[in-house]
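# Examination of the molecular architecture
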Amino acid sequence: MTIRTTISKHKSTAILLASIIPAVIALARFQQQRKVQNTMAISIHPSLDGGITKGSASFAGGKLRCHCRSNPVEVTLGGNVLHNHACGCSKCWKPDGAVFAIIAVIPKDQVEVTANGSKLHVIDENTAIQRHACKDCGVHLFGRIEKDHPFKGLDFVHVELSSEKGWQEPQFAAFVSSIIEQGYDASKMDEVRSQFKSLGLETYDALSPPLMDAIAGWTAQKHRL
Ligand SMILES: N[C@@H](CCC(=O)N[C@@H](CS)C(=O)NCC(=O)O)C(=O)O
Ligand SMILES: [Zn+2]
Ligand SMILES: [Zn+2]
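Just so it is clear, the structure is predicted and the values come from calculations on it, not from any experiment.

### Considerations on empty space enclosed by the protein
Scanning the entire structure with this criterion turns up 1 cavity of 30 Å³ or more. Looking at the largest cavity, the residues that line it are Cys92, Trp93, Ile103, Ile129, Arg131, His140, Phe142, Gly143, Phe156 and His158. Of all the secondary-structure elements, those providing two or more residues to the lining of the largest cavity are β7 (129-134) and β8 (140-145). No other element matches β8, which puts 3 residues into the lining of the largest cavity. Within the lining of the largest cavity, the residues separate by chemical class into 6 nonpolar, 3 polar and 1 charged.

### Describing the coordination of the zinc ion (ligand 3)
Each pair of donors in an ideal four-coordinate tetrahedral metal site encloses 109.5 degrees, whereas pairs in an ideal six-coordinate octahedral site enclose 90 or 180 degrees. On the protein side, the zinc ion (ligand 3) has Cys87 (SG), Cys89 (SG) and Cys92 (SG) as donor atoms, found 2.2 to 2.4 Å from it. For the zinc ion (ligand 3), the donor residues sit on a single chain with the sequence spacing C-x1-C-x2-C. Per residue, the accessibility class of cysteine 89 equals that of cysteine 92, and both read buried.

### A look at the UniProt feature "domain: CENP-V/GFA" (unreviewed entry) in the chain
Look at the UniProt record and you will see "domain: CENP-V/GFA" (unreviewed entry) annotated at residues 59-205. Taken end to end, residues 59-205 is 10% helix and 34% strand, and its two terminal C-alpha atoms sit 30 Å from one another.

### What about the coordination of the zinc ion (ligand 2)?
Every protein donor of the zinc ion (ligand 2) is listed here as Cys66 (SG), Cys68 (SG), Cys134 (SG) and Cys137 (SG), and their distances to the metal cover 2.3 to 2.4 Å. Taken together, the 4 donor atoms coordinating the zinc ion (ligand 2) and their angles of 104 to 115 degrees define a geometry best described as tetrahedral. Going along the chain, you hit the donors of the zinc ion (ligand 2) in the pattern C-x1-C-x65-C-x2-C. Linking cysteine 68 in the loop between β1 (62-65) and β2 (74-77) with cysteine 137 in the loop between β7 and β8, this pair joins segments that are 69 residues apart in sequence. Given the relative accessible area of 13%, cysteine 68 is considered buried. For cysteine 137, a relative accessible area of 30% corresponds to the partly exposed category.

Cut-offs and rules
Residues numbered from 1 in each chain as written. Chains lettered and ligands numbered in written order. Predicted model: local features only at pLDDT ≥ 70, side-chain atom pairs only at ≥ 80, totals over all residues. Heavy atoms only, no water. 1 Å grid on protein atoms, 1.4 Å probe; cavity = no way out; pocket = protein on both sides within 12 Å on 5 of 7 lines; lining within 4 Å. Points joined across faces, edges and corners; volume = space filled by probe spheres on them. Helix = DSSP H or I, 4+ residues; strand = E, 2+ residues; numbered from the N terminus. Nonpolar A, V, L, I, M, F, W, Y, C, P; charged D, E, K, R; others polar. Donors = N, O, S within 2.8 Å, 3.2 Å for Na, K, Ca; no water. Buried < 20%, exposed > 50% of the residue type's maximum accessible area, 1.4 Å probe, protein only. UniProt positions renumbered as here; feature names shortened; annotations may be inferred. Tetrahedral: all angles 85-135°; square planar, octahedral: opposite > 155°, others 65-115°.

Below you can see the structure in the form of structure tokens.
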């Protein structure tokens with residue numbers, strides 16, 4: 001190999017590096033920027049912040065447990081849940097730091113308290129949904145409707161209290177504007193709604209249209225009696 005060909009080889013390597021290095025730097029900057037944008041995203045709820053995990057159609061139910069380290073309250077659900085959704089209302093239980101609750105329904109005959117039920121109490125007797133919470137850790141194990149109501153017969157549960165996988169994934173976001181009543185900055189509502197949209201979830205300021213229709217249909221029928 002002559003000195004000339006060696007120099008020319010080094011030259012072409014230098015030219016190649018000179019063209020690649022700016023591209024590598026640009027890619028690193030882009031990734032860093034994306035990371036910053038991601039960390040700036042609003043934390044809606046721990047089970048939604050990393051994206052949605054789809055449930056399984058064949059899932060047959062499982063156990064919910066409160067947050068107590070010893071003697072947790074245990075509730076066994078005999079099937080998968082329905083209408084799982086994010087709820088921004090002030091009444092539904094949320095884990096620490098979450099802006100929304102994740103709540104679903106299941107027929108009450110598929111709900112059984114299987115351990116430490118003596119730790120449960122109803123947090124507010126005046127609401128339609130009687131929320132049964134653990135006296136020690138405050139977690140809501142199930143909500144039950146005792147009065148005449150369109151959803152009587154369905155219990156309200158939080159599947160994040162289960163370690164099993166396969167529960168129906170959240171389908172929509174309800175009572176979104178209600179987070180403002182709890183002190184959420186109203187100027188950030190567009191961001192909150194866009195974040196749900198980016199997860200593929202519609203947002204509503206009450207329940208979803210099919211559930212609102214079911215409530216209205218029930219009311220219409222009641223008035224006809
Ligand atoms: N803006 C109110 C809305 C409360 C509300 O109506 N929550 C809905 C969704 S969970 C409901 O059906 N509540 C009945 C109940 O709590 O018994 C709040 O945030 O407190
Ligand atoms: Zn507890
Ligand atoms: Zn709620």
